[in-house]
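Spelled out from the first residue to the last, the chains are:
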Amino acid sequence: EADIYQTPRYLVIGTGKKITLECSQTMGHDKMYWYQQDPGMELHLIHYSYGVNSTEKGDLSSESTVSRIRTEHFPLTLESARPSHTSQYLCASSGWTENTGELFFGEGSRLTVL
Amino acid sequence: ILNVEQSPQSLHVQEGDSTNFTCSFPSSNFYALHWYRWETAKSPEALFVMTLNGDEKKKGRISATLNTKEGYSYLYIKGSQPEDSATYLCADSWGKLQFGAGTQVVVTP
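The rules behind the values
- Residues numbered from 1 in each chain as written.
- Chains lettered and ligands numbered in written order.
- Predicted model: local features only at pLDDT ≥ 70, side-chain atom pairs only at ≥ 80, totals over all residues.
- Heavy atoms only, no water.
- Helix = DSSP H or I, 4+ residues; strand = E, 2+ residues; numbered from the N terminus.
- Rg over C-alpha atoms; globule rule 2.2 N^0.38 Å.
- Buried < 20%, exposed > 50% of the residue type's maximum accessible area, 1.4 Å probe, protein only.
- Contact = heavy atoms within 4.5 Å.
- Areas by Shrake-Rupley, 256 points an atom, 1.4 Å probe, with all protein chains shown as cover.
- Lys, Arg positive; Asp, Glu negative; His and termini not counted.
- Charge placed at Lys NZ, Arg CZ, Asp CG, Glu CD.
- Pairing = 2+ DSSP bridges.
- Buried area = accessible area lost by both parts, 1.4 Å probe.
- Salt bridge = Lys/Arg side-chain N within 4 Å of Asp/Glu carboxyl O.
- Polar contact = N/O pair within 3.5 Å; in protein donor to acceptor, adjacent residues only side chain to side chain.
- Nonpolar A, V, L, I, M, F, W, Y, C, P; charged D, E, K, R; others polar.
- Disulfide = S-S within 2.5 Å.

Draft legend 1. Structural context of the overall build of chain A. Across its full length, chain A holds 0 helices and 11 strands. Against the 2.2 N^0.38 benchmark of 13 Å for 114 residues, chain A shows a C-alpha radius of gyration of 13 Å, consistent with a compact globule. Overall size of chain A, expressed as C-alpha extent along the three principal axes, is 40 × 30 × 25 Å. Looking at chain A residue by residue over its 114 residues, the buried ones come to 47%. Nonlocal contacts in chain A, meaning residues at least 24 apart in sequence, comprise 53% of its contacts between residues at least 6 apart. Only carbon and sulfur atoms are counted for the fraction: they give 51% of the accessible area of chain A, which is about 5,500 Å². Here chain A contributes 9 positive and 14 negative side-chain charges, whose respective centroids are spaced 8 Å apart.

Below you can see the structure in the form of C-alpha cells.
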C-alpha cells in the first residue's frame, strides 16, 4: 500500500481565497508530481519536482505554485482561487528514474470554487 | 496535443466475458509504457510498467502486451468480474509521463 497522503480530500471555497493543497509521502521518493483532472478528461501534469528545491511546470499551464523544501512534502498553492480552478488535483511520487518507475498516487483533492 | 490515445472511451462487459482495449502512443523515442487502474473514490494504482517490445505481463486475470515498433499496447481482462469495474489509464513515459484519457470499464453481473 502506497504511503502518500493528500489533504484536504474535498474543499469548497469562495472566489479570491488562498488555498494550499497538502501532499506528503513517507517512501523517501525524490520525484513528486501534481496532476489536474477535469471531469471526463485526462490527467494533466501541472507541476513536478525531482528533489528538494527543484520544481518545474508541467505540460498544462496552471496558476498554482508549488514548493519542495522537504523531500516528503510537496504542497500546491493557489493565491486567489477562481471557479476555473474547480477540478480534482492528484499528487504522485516515484522512486525510480522518471522513465520507468511507477507512480504512487494520493487519493486526490477535489476543489470546488464558488 | 494528446499523444497517448486510448480506445474505446468506455465499454460495458457482462460478468464472465473477456475484453480488451487499446493504448496508442508515439513509437519514436520510447522509454516505457505504464498501465494504471483507477477505481471510483480511490487513487490510481499501477498495474504494469512495460519497457521491451514484445513484452507481455500478467497480474491475475489482467494481462498486457506491448508493441513499441507500431506504438500500441493492449490490456486484456479475462473472465471479467464486477470488481474489475474501473477506469484503466495508460501513460507514455518519454519525457514526463503523459496519460491517455482512459477506458472506463463497467462489468455488470
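Draft legend 2. Structural context of the pairing of strand β9 (residues 86-92) of chain B. Residues and elements named next belong to chain B. Buried residues dominate β9, accounting for 6 of its 7 residues. Direction of pairing for strand β4 (residues 33-38) relative to β9: antiparallel, over a ladder of 6 bridges. Residue Trp38 lies in a different strand from β9, and its bridge partner there is Thr87. Across 3 bridges, β9 lies against strand β11 (residues 103-108) in antiparallel orientation. Residue pairing across strands places Ala86 opposite Val105, the latter belonging to β11.

Draft legend 3. Molecular detail of the interface of chain B and chain A. Facing 20 residues of chain B, the contacting portion of chain A comprises 20 residues. The largest share of the area that chain B buries against chain A comes from Trp38(B), Lys96(B) and Phe99(B), three residues that together contribute 32% of it. Counting across the interface, chain B meets chain A through 0 salt bridges. For the pair chain B and chain A, the interface holds 2 residue pairs in polar contact (both at pLDDT 80 or more). Among the secondary structure elements, those contributing two or more residues to the side of chain B that touches chain A are β4 and β5 (45-50) of chain B. Per element, the largest residue contribution to the side of chain B that touches chain A is 3 residues, and it comes from β4(B). Among the residues forming the side of chain B that touches chain A, the class breakdown is 13 nonpolar, 6 polar and 1 charged.

Draft legend 4. Main features of the state of the cysteines. All names here are of chain A. Applying the stated criterion across every chain yields a total of 2 disulfides over all chains. With a sulfur-sulfur separation of 1.9 Å, Cys23 is cross-linked through a disulfide to Cys91. Its torsion about the S-S bond being -75°, the disulfide of Cys23 and Cys91 is classed as left-handed. Here Cys23, found in strand β3 (residues 19-25), pairs with Cys91, found in strand β9 (residues 87-94); they are 68 residues apart in sequence, far enough to count as distant. Exposure class is identical for Cys23 and Cys91. Each is buried.

Draft legend 5. Molecular detail of the sheet that holds β3(A). Spatially, 4 strands are ordered β1-β3-β8-β7 (chain A) in an open sheet, and the strand pairing comes out antiparallel. The open sheet has two free edges, formed respectively by β1 (4-7) and β7 (65-66) of chain A, since each of these has just one partner strand.

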